[in-house]
Amino acid sequence: MRKFFLLLLSFITSVTVCQKKVLKKITSTATEVAISTEGLDSFTLENSNSKFIEVFLYAENPNKQHIIVDENNNELEIKFKIANLKTPETVFRKYITERLKRASATIKLPKNINVVIFGDYINIHSKSFRGNLRMFLENGIVKLDTIQKDLELKMFAGNVFGNFKNTNLNVISKNGKIKIDSVFYQKKHQEINSKNFKKLTITSNKGNIYLTHL
């Protein structure tokens, strides 16, 4: 058994080490960016001080052709074409999933760009993104850091973590946990103040929502 786990650890390490990075810089006048995370295991959204939209892709054999960009009117669409990673068969699948670090991506965006993200099973980290953000996900872990502008998140299951202030809040989780600061709420919780201009809306079926006032 010890030899098996050593072999498993060696396999995981080799897959992680094999990942490489490619960067694609985009110049665009679009005011909204739509991002499809299909094919990714994790995704990070960051702020940029430059005028470029920067897309970093980490995968076994990435290239710029794996980053697909399409601009239509004022919307820019970004998606990824990722080849499937071949993993060992049944014996390994008992301990690891087929989504064994196939690929991850980071997108850095200038100020005042609105973003919509679509995903299935994906872990997302928004590093205090400075634009309006909408996300439609099936499952995953979402880290929002400090929420800066309007945010709408709809997901079936998973965990959400974030900090907020001066925000109108509306959270619903039919079968998950809702925790605001140290207080738990059943199914839904609202905080409305006419002086607040920002809106934070999270709707989930089985998701756990953990938020903190700043």
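Structure shown above.
Computed from a predicted structure; not experimentally measured. (Residues numbered from 1 in each chain as written. Predicted model: local features only at pLDDT ≥ 70, side-chain atom pairs only at ≥ 80, totals over all residues. Heavy atoms only, no water.)

Participant: With reference to specific residues and values, describe unusual backbone geometry.
Facilitator: Residues other than glycine seldom take positive phi values, yet aspartate 145 does so here, at roughly 50 degrees. Mapping aspartate 145 onto the fold places it in strand β11 (residues 141–146). In this structure aspartate 145 comes out as partly exposed when scored by relative accessible area, which is 29%. Here the phi dihedral of aspartate 181 falls at roughly 60 degrees; this positive angle occurs in a residue that is not glycine. (Helix = DSSP H or I, 4+ residues; strand = E, 2+ residues; numbered from the N terminus. Buried < 20%, exposed > 50% of the residue type's maximum accessible area, 1.4 Å probe, protein only.)

Participant: Lay out a negative patch on the surface in plain terms, naming residues and giving numbers.
Facilitator: A surface patch of like charges, here negative, comprises Asp70, Glu71, Glu75 and Glu77. Those elements giving two or more residues to the negative patch turn out to be β5 (67–72) and β6 (75–80). Within the secondary structure layout, glutamate 75 lies in strand β6. (Patch = residues over 30% accessible without salt bridge, like charges linked within 9 Å, V, L, I, M, F, W, Y side chains within 5 Å. Areas by Shrake-Rupley, 256 points an atom, 1.4 Å probe, with all protein chains shown as cover. Salt bridge = Lys/Arg side-chain N within 4 Å of Asp/Glu carboxyl O. Lys, Arg positive; Asp, Glu negative; His and termini not counted. Charge placed at Lys NZ, Arg CZ, Asp CG, Glu CD.)

Participant: Hey, could you go over the nonpolar core for me, with residue numbers and the actual values?
Facilitator: With 46 residues, the main nonpolar core has Phe43, Ile53, Ile78, Phe80 and Met135 as its most contacted residues. Residues contacting phenylalanine 80, with those up to four places away along its chain left out, are Ser36, Glu38, Leu40, Val55, Leu57, His66, Ile67, Ala105 and Ile107. (Core = buried A, V, L, I, M, F, W, Y, C linked by side-chain atoms within 4.5 Å. Contact = heavy atoms within 4.5 Å.)

Participant: Before we move on, can you summarise the sheet that holds strand β3 (residues 42–47) with the specific residues and values?
Facilitator: One open sheet holds the ten strands; their spatial order is β1-β4-β7-β3-β9-β11-β13-β19-β15-β16, and the pairing between them is mixed. The strands lining the two open edges of the sheet, one partner per strand, are β1 (20–26) and β16 (183–185). Adjacent strand axes in the sheet meet at a mean angle of 15 degrees, parallel and antiparallel pairs treated alike. Across three bridges, strand β15 (residues 178–180) lies against strand β19 (residues 208–213) in parallel orientation. The residue of β19 that forms the bridge with isoleucine 180 is leucine 211. (Pairing = 2+ DSSP bridges. Axes fitted to C-alpha atoms, helices over the stretch in contact; angles between N-to-C directions.)

Participant: So what's going on with the packing of aromatic side chains? Residues and values would help.
Facilitator: Going through the model one piece at a time under the given rule, you end up with two aromatic pairs. Geometrically, the ring pair formed by phenylalanine 118 and phenylalanine 136 is stacked, given 5.8 Å between the ring centres and 20 degrees between the ring planes. With a gap of 18 residues between them, phenylalanine 118 in strand β8 (residues 114–121) and phenylalanine 136 in strand β10 (residues 133–139) connect regions that are remote in the sequence. Residue phenylalanine 118 is classed as partly exposed on the basis of its relative accessible area of 40%. When the centroid spacing of 5.3 Å and the interplanar angle of 15 degrees are considered together, the rings of phenylalanine 161 and tyrosine 210 count as stacked. (Phe/Tyr/Trp six-rings, centres within 6.5 Å; stacked < 30°, edge-to-face > 60°.)

Participant: Run through the pattern of salt bridges, naming residues and quoting values.
Facilitator: Per the counting criterion, the structure on display carries five salt bridges. Among the salt bridges present, the one from lysine 108 reaches glutamate 46, with a minimum N-O distance of 4.0 Å. A residue pair is termed long-range when its members are at least 10 positions apart, and lysine 108 in strand β7 (residues 103–109) and glutamate 46 in strand β3 qualify at 62 residues. The class for glutamate 46 is buried, based on a relative accessible area of 17%. Across the salt bridge formed by lysine 154 and glutamate 152, the nearest N and O atoms sit 3.8 Å from each other. By relative accessible area, lysine 154 is classed as partly exposed at 40%.

Participant: Please provide a residue-by-residue account of the sheet that holds strand β12 (residues 151–155), values included.
Facilitator: If you walk across this open sheet you meet the nine strands as β5-β6-β2-β8-β10-β12-β18-β14-β17, and the pairing is mixed. At either margin of the open sheet sits one strand with a lone partner, and together these are β5 and β17 (188–191). For this sheet, the mean inter-axis angle between neighbouring strands, taken without regard to orientation, is 10 degrees. Pairing between strand β2 (residues 32–36) and β6: four bridges, direction parallel. Its bridge partner lying in β6, alanine 34 is registered against glutamate 77.

Participant: Run through the pairing of strand β18 (residues 198–204), naming residues and quoting values.
Facilitator: Taking every second residue as pointing to the same face, the buried face of β18 carries Lys198, Leu200, Ile202 and Ser204, while none of Lys199, Thr201 and Thr203 on the other face is buried. When β12 meets β18, the two strands line up parallel, connected through five bridges. Residue pairing for β18: leucine 153 is matched across the bridge by isoleucine 202. Two strands pair when backbone bridges link them, and strand β14 (residues 167–173) and β18 are joined in this way by seven bridges, in the parallel orientation. Counterpart to valine 171 in the pairing with β18 is isoleucine 202.

Don't take any of this as a statement about function, it's just geometry.
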